[in-house]
Amino acid sequence: MGGADGPNRCTALTALGGGGASSTIPSQTGSDDEPGGASLASGMERRPARVAMIGAGQLARMTHQAAVDLGVDLTVLAESAYDSAVLGGAPFRLGSPSSLPDLLSAAELSDVVTFDHELVPGAHLRELERSGHRLQPSPAALQFAQDKGRAREAFRRAELPVPEFARVRSVEEVEQFGERHGWPVVLKSAQGGYDGRGVHVIDDAAQASPLLASGSAAAREWVAEAFVNVAAELTILLARTSAGHTAVYPAIQTVQRDGVLRHLLMPAPLPDAAVDEARELAVTIGRAIGATGILAVEMFLDPDGRVLVNELALRPHNSGHATIEACETSQFEQHLRAVLNWPLGATTLRSAAATVNVIGEPDMVDPASRLPMALAVPGAHVHLYRKAPRPGRKLGHVTALGSDPLDALERAQAAAELLTCR
Ligand SMILES: Nc1ncnc2c1ncn2[C@@H]1O[C@H](COP(=O)(O)OP(=O)(O)OP(=O)(O)O)[C@@H](O)[C@H]1O
Ligand SMILES: [Mg+2]
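Bear in mind that the values here come from a model prediction, so they are computed numbers and not experimental data. (Residues numbered from 1 in each chain as written. Chains lettered and ligands numbered in written order. Predicted model: local features only at pLDDT ≥ 70, side-chain atom pairs only at ≥ 80, totals over all residues.)

Bringing helix α13 (residues 331–339) into the picture now. Counting buried positions along α13 yields nine of nine residues, so the element is predominantly enclosed. Taken from the residues just after α13, N341 is the one with a positive phi, measuring 55 degrees. (Buried ≥ 20, exposed ≤ 12 C-beta atoms within 10 Å, placed from the backbone. Helix = DSSP H or I, 4+ residues; strand = E, 2+ residues; numbered from the N terminus.)

Following this line, the structure appears as structure tokens:
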């Protein structure tokens, strides 16, 4: 019996690890000097891996849960002690994502800095990197999630399919774009938008005028896009390490209303050809921009079955919430594995699933007060973010598993409605 746990057994078990992720791309860069590389794997390093996450919303809250399981030391940079991740028990530093000293103070607690949102000035990110901090994703990759114009231009240069678009600064330029590509036109702020804020469908150039004159200094660049007759929206979620290992999740169909994700279906009940093309596009984009961590590629499917790339997020993403219950590895655990350059987990689907977002409505009760009613729905997995109810705010989500995603949707929807009914 002696020696069963000794080095030989360890070597044999290490060999069992093999390639790790379900779909891999050959190594692109070395990783021995990285926090998840040889030093920790050797067992010589005793302290846990330390990750700082900029932002403390619900994505950080759920990443914290995964960090607890892995024994990873996650600290979040929170703007308030009432932020969702802080209320979920995540260790935190108080500060603003737009303050360089605050970013530095969070970074100094970590081996790796990562993000719960992309609203961090690019100059600060580059300064963090210059001062020796390891950012995952890198500022160079993150810029494609921070600036829709830059992303669109890069995709067009790489001959990836995108809606017709142009950067615009004046009403005249919007007018010209509309004349060339037809109305309505989708006018988007290049930076700073989320949940449909900053996305405007306009019927004529006159409607552009107040929009172009509005906005904070950070949101003064605009992109005009042809309005796509969207047959369906889908997200391809993948994880990528700095060594280039990639694991792709089954495709997710997303359904938005007023620019906000209402529910998602996993796996996307969409034609195989479109899903295969979308997966290929996402892997190509991940490699081209050097994405690390979770990459979400949002796409449109047009009525002719063409896939068009919409936008990117380089962090855990709302469309991936079903991975918690439905996949071998949740997107939150996977994000930590990927930013630490650790072996990626399997992305295999355990069951079809659907997730419904719990979104604030005017005069609503706090969904927390309805929790017991929602929990009475068999198979409903309720996640509440402890955010104060406000119209349009994401307050939680419900996931249900089922024989197919539409069957799961019925149950998730029933529980979500119980949480929001007056
Ligand atoms: N060119 C377009 N044609 C038709 N609909 C569009 C177009 N662009 C965006 N939309 C709709 O608006 C939604 C929000 O757009 P987009 O994803 O660009 O903005 P966002 O606010 O940054 O989103 P997110 O909440 O994902 O951060 C899309 O999911 C889609 O439903
Ligand atoms: Mg979007």
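Our next topic: the site of ligand 1. Surrounding ligand 1, one finds 20 residues, the nearest of these being V186, Y194, E225, V228 and G259. When contributions to the shell around ligand 1 are tallied by element, the ones reaching two or more residues are β6 (185–189) and β14 (307–313). A class-by-class count of the residues in the shell around ligand 1 yields seven nonpolar, six polar and seven charged. Two domains each provide a minimum of three residues to the shell around ligand 1, namely domain 2 (164–226) and domain 3 (232–420). (Near = placed C-beta within 6 Å. Nonpolar A, V, L, I, M, F, W, Y, C, P; charged D, E, K, R; others polar. Domains from an automatic or database assignment.)

This brings us to the sheet that holds strand β3 (residues 92–94). With parallel pairing, four strands are arranged side by side in an open sheet as β3-β2-β1-β4. Strands at the two margins of the open sheet, each flanked by one partner only, are β3 and β4 (112–115). For this sheet the average axis-to-axis angle between neighbouring strands, irrespective of direction, equals 25 degrees. In this structure, strand β1 (residues 50–54) lies alongside β4, joined through four bridges in parallel fashion. Note on β4: the bridge partner recorded for I54 is F115. Strands β1 and β2 (73–78) of the sheet are contacted by helix α3 (residues 58–70), whose axis makes an angle of about 165 degrees with β2. (Pairing = 2+ DSSP bridges. Axes fitted to C-alpha atoms, helices over the stretch in contact; angles between N-to-C directions. Contact = placed C-beta atoms within 7 Å.)

All right, on to the environment of L336 then. By the secondary structure assignment, L336 is in helix α13. Separated by 272 residues in sequence, L336 and H64 place their C-alpha atoms 9.6 Å apart. Those residues in contact with L336 that lie beyond four places of it in its chain are V51, T63, A66, A67, L70 and V72.

Our next topic: the sheet that holds β6. Strand order in the open sheet made by the four strands is β5-β8-β6-β7, with antiparallel pairing throughout. The open sheet has two edge strands, β5 (165–168) and β7 (199–202), and neither has a second partner. Each strand of the sheet is rotated relative to its neighbour by a mean of 25 degrees, with strand direction disregarded. By the bridge criterion, four bridges tie β6 to β7 in an arrangement that is antiparallel. Note that in β7 the partner of K188 across the bridge is V199. Contacts from helix α8 (residues 148–157) reach β5, β6 and β8 (222–226), with the element oriented near 50 degrees to β8.

With respect to burial, β2 is a largely interior element, five of its six residues being buried. One crossover worth recording links β1 to the parallel β2 by way of α3, and it is right-handed. (Right-handed = clockwise from strand over helix to strand, strands pointing away.)

Bringing the packing of helix α6 (residues 122–130) against helix α7 (residues 139–146) into the picture now. Running from amino to carboxyl end, α6 crosses α7 at an angle of 165 degrees, the nearest separation of the two axes being 10 Å. By the criterion of interaxial angle, the relationship of α6 to α7 is roughly antiparallel. Every pair of crossing elements has a handedness; the one defined by α6 and α7 is right-handed. Of α7, the residues touching α6 (which contributes G122, L125, R126 and E129) are P139, L142, Q143 and Q146. Here the contact of α6 with α7 is built from residues that sort into three nonpolar, three polar and two charged. (Parallel < 35°, antiparallel > 145°, perpendicular 65-115°, else oblique. Left-handed = near helix turned anticlockwise from the far one by under 90°.)

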